Amino acid sequence: MIKKAGIILLCGVMFAGLCSCGKKTADGAQKFQVGVAYYNQTDTFLRELIDCFRGDLEEYKTKNLEISAMVREAGGSEKTQNEQVEELIDAGCDVLCVNLVDRSDPSEIIDMAMENDVPLIFFNREPVREDMMQWEKMYYVGANARQSGQLQGELAVEVIRSQDVDRNGDGKIQYVILEGEADHQDAIIRTESVVNTLKEKGIELEKLSYQIANWNRAQAQNRMKQMIGQFHDSIELVLSNNDDMAAGAIDAYDELNYTEENRPVFFGVDGTAVGLQGVKDREIAGTIYNDKEGQAEAMAQLSVALCTGEGMDAISFEDERYVFLPYLKVTYDNVDEFLDRQ
Ligand code: GAL
Ligand code: CA
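Residues numbered from 1 in each chain as written. Chains lettered and ligands numbered in written order. Predicted model: local features only at pLDDT ≥ 70, side-chain atom pairs only at ≥ 80, totals over all residues. Heavy atoms only, no water.

Draft legend 1. Broad picture of unusual backbone geometry. Phi is positive for Asp 117, close to 55 degrees, though the residue is something other than glycine. Note that Asp 117 resides in the loop between α4 (107-116) and β5 (120-123). By relative accessible area, which is 11% here, Asp 117 ends up buried. A positive phi angle, near 70 degrees, is found at Glu 320, a position not held by glycine. Tracing the chain through its elements places Glu 320 in the loop between α11 (292-308) and β12 (322-324). (Helix = DSSP H or I, 4+ residues; strand = E, 2+ residues; numbered from the N terminus. Buried < 20%, exposed > 50% of the residue type's maximum accessible area, 1.4 Å probe, protein only.)

Laid out in structure tokens, this is it:
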């Protein structure tokens, strides 16, 4: 019985091995396909990240190596994403890059990838550690959420100390927070660490309110209008978990015709095209660069290494399977450097 099971397992491994080594084209080049599944095409940062990724894969093409991406977006449904991953595996993808809809529920995708021996690179929405440890062919590419909150806090401290943010002069900063999705690691940790950083640096804070706006500009505009309706011009600081929501908050003030003197200062995270332009126009006081170029390049490099079996040594992992790219502070003084990267 045990012997039989062993043989079946061995055959399975050999078969899987054959499946994951790509195909040869007529002129002998190796041909690979990377399946990319992401949670929602309405997300600005992810659209920009995936554009970078496509461009990076192009650059890996040589006369001996053909590599291309098949991209699917799940419209916010985990069920749809599971079906898309199945479809990508059936289409013969050699590697999968998955931005989970529900980061706490990756089990179906992990099972499918394991059964078919297709390595999995999760990105941007980090699965919990226990899930990551289920198989040695799983990786994560992203950034350290805590760092983004700390840096946003440091930027806010600089601005509070150098500009007239405390408009009512009561020695406290009245603030509101716009949060991303409720159970997203970046939303939870950014919110917690930005506030802690401000407090540690000795800023007296008064939290007026917070609203969840799911990373989304239009939702943030709506939520911000509600908060303005409640607190009028007493809001002095808006801490937003991302740039799109900071832009939505500014839209709300525009819509209500608030003059500059009665507006709070706004901070974002990401450095998307919209976020950087906001900093350039001095509408957003600062943002924290979420290095999409670095993340996309790490995903491309890892995808190519997993397909070809070459180049793994050149990648620096943390804990053997995590790649984290650092965040960077962006203000009016250095925004041009970042605009040049676009
Ligand atoms: C965050 C990013 C947000 C949003 C989110 C999606 O890292 O700052 O703008 O894209 O990921 O998971
Ligand atoms: Ca005040």
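Draft legend 2. The coordination of the calcium ion (ligand 2), seen in detail. Within the protein, the calcium ion (ligand 2) binds to Asp 166 (OD), Asn 168 (OD1), Asp 170 (OD), Lys 172 (O), Gln 174 (OE1), Glu 236 (OE) and Glu 236 (OE); these donor distances fall in the range 2.3 to 2.5 Å. Between the donor residues of the calcium ion (ligand 2), the gaps in sequence give the motif D-x1-N-x1-D-x1-K-x1-Q-x61-E. With Asp 166 in the loop between α6 (145-162) and β7 (173-179) and Glu 236 in the loop between α8 (217-231) and β9 (237-240), this residue pair connects regions lying 70 residues apart in the sequence. Grouping residues by exposure puts Asp 166 and Glu 236 together as buried. (Donors = N, O, S within 2.8 Å, 3.2 Å for Na, K, Ca; no water.)

Draft legend 3. Just helix α10 (residues 273-280), in detail. Taken together, the buried positions of α10 are occupied by Gly 275, Leu 276, Gly 278 and Val 279. The arc that holds the buried residues of α10, viewed along the axis, is 155 degrees, so those residues lie on one side. Buried residues in α10 make contact with α9 (243-255), β11 (287-289), β13 (328-330) and α12 (335-341). Arg 282 sits one or two positions beyond α10 and adopts a positive phi of about 60 degrees. (Arc of directions from axis to C-beta. Contact = heavy atoms within 4.5 Å.)

Draft legend 4. Just the sheet that holds strand β8 (residues 205-212), in detail. Spatially, four strands are ordered β8-β7-β9-β10 in an open sheet, and the strand pairing comes out parallel. Taken across any chain shown, the strands that pair with only one partner, and hence form the sheet edges, are β8 and β10 (265-267). Sheet twist, expressed as the mean angle between neighbouring strand axes with direction ignored, is 20 degrees. Bridging between β7 and β8 involves seven bridges; their strand directions are parallel. Considered in β8, the bridge of Glu 179 is made with Ile 212. Contacting β7, β8 and β9, α8 crosses the sheet at an angle of about 140 degrees to β8. (Pairing = 2+ DSSP bridges. Axes fitted to C-alpha atoms, helices over the stretch in contact; angles between N-to-C directions.)

Draft legend 5. View of the pattern of salt bridges. Taken as a whole, this structure holds 16 salt bridges when the rule is applied. Here Lys 329 and Glu 158 are joined by a salt bridge, their closest N and O atoms 3.7 Å apart. Note that Lys 329 is positioned in strand β13 and Glu 158 in helix α6, a separation of 171 residues in sequence. A residue is classified by how much of its surface remains accessible, and Glu 158, at 43% relative accessible area, is partly exposed. Here Glu 255 ties to Lys 225 by a salt bridge, and the two come within 3.0 Å at their closest N and O atoms. A residue pair is termed long-range when its members are at least 10 positions apart, and Glu 255 in helix α9 and Lys 225 in helix α8 qualify at 30 residues. Residue classification places Lys 225 among the partly exposed residues on the basis of a relative accessible area of 29%. Taken together, the shared-partner salt bridges connect Glu 48, Lys 292 and Glu 293 into one network. (Salt bridge = Lys/Arg side-chain N within 4 Å of Asp/Glu carboxyl O.)

Everything listed is a geometric property; what it means functionally is a separate question.
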